Amino acid sequence: MFGARGPGRWLVAPDGVVKVVLGFSGPLRVADAVRPTRPVTAISLVSGVHATATVGEHAGPVHGVTVLLTPLAAYRVMGVPMDRLACRNVDVAELFGERLRRFAARLAEAPTWGSRFALLDQVLTARLLAGPRCSPELAWAWRQLHRSAGRTSVRRLAAGTGWSHRQLERRFLEQVGLPPKSLAQVLRLQAALRYKKRGMTWAEVAAAAGYHDQSHFTRSFKAMIGCTPGRFPAARAESGRSGPLDSLPDQFTGELLHGRATGVSRLCKTL
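We now turn to the structure provided with this report.

About the thresholds
Residues numbered from 1 in each chain as written. Predicted model: local features only at pLDDT ≥ 70, side-chain atom pairs only at ≥ 80, totals over all residues. Heavy atoms only, no water. 1 Å grid on protein atoms, 1.4 Å probe; cavity = no way out; pocket = protein on both sides within 12 Å on 5 of 7 lines; lining within 4 Å. Points joined across faces, edges and corners; volume = space filled by probe spheres on them. Helix = DSSP H or I, 4+ residues; strand = E, 2+ residues; numbered from the N terminus. Nonpolar A, V, L, I, M, F, W, Y, C, P; charged D, E, K, R; others polar. Buried < 20%, exposed > 50% of the residue type's maximum accessible area, 1.4 Å probe, protein only. Pairing = 2+ DSSP bridges.

1. Observations concerning the layout of surface pockets
Thinking step 1. Considered as a void within the structure, the second largest pocket measures approximately 400 Å³ in volume.
Thinking step 2. Surrounding the second largest pocket, 16 residues form its lining, Val-77, Leu-100, Phe-103, Val-123 and Arg-127 being those nearest its centre.
Thinking step 3. Among the elements of the structure, strand S3 (18–25), strand S8 (62–69), helix H1 (71–78), helix H3 (98–109) and helix H4 (113–130) are those that each provide at least two residues to the lining of the second largest pocket.
Thinking step 4. At five residues, the largest contribution of residues to the lining of the second largest pocket is made by H3.
Thinking step 5. Class assignment of the residues belonging to the lining of the second largest pocket gives a composition of 12 nonpolar, no polar and four charged.

2. Focus: the pairing of strand S7 (residues 54–58)
Thinking step 1. Here S7 lies mainly inside the structure; four of its five residues are buried.
Thinking step 2. The pairing of strand S2 (residues 8–12) with S7 spans five bridges and is classified as antiparallel. Paired with Arg-9 across the strands is Glu-57, a residue of S7.
Thinking step 3. The pairing of strand S4 (residues 28–32) with S7 spans four bridges and is classified as antiparallel. Of the residues in S7, the one forming a bridge with Asp-32 is Thr-54.

Right under this line is the structure:
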């Protein structure tokens, strides 16, 4: 769940997660932090897997719940090709019509957070069980990239699945949203940010995350975040450290389940 009593602005690094923001009040304005695109303003929105950072803001009070899903879980829950959402922020009404907007209203009207979580569990479980299945080969390749923090080569992924490079990329676009090389860059960036959080210098971070050298790391970082590594802490401080599109470590449904390990949270995490 998220909430803020006044105006706010936040910067979100790409993280390989699909977010469904179900707002109860007040619109959010979301835009790409690197590429100048038209901002999206909505109370409830879906944010696909991004290859670049996102900037969000709200002018007044907001509150609601954010569902964080692995791309493979999102593919099953939403039943649409993930490349339709990749690098995009979409008003839920544009994607699902009034169905999801009415569902957000039901959540807002629920008397307690416990009842909201129970309703979300029910709907997510039904959608996961009814949605299209991900191919086992794609699930294996996705896990390999995560386990190696983006350092598994496309050639090895193709060999492990038995697919051609073109077929591998086509399946990633359909069921993840990004090609494997782009997803690997996102995962390597996330590994770098984790190393930095542990207290490493940026030079140590570049080496630990597997970049060729610090200049390679700086170029990649700037292309994905919109600023240099040295500028990043200040950019985060200026924008605020969290918002409805931020994800939490090892929690693919954010605070949706309020710390309870339910079947939905486990399924979303393992897909």
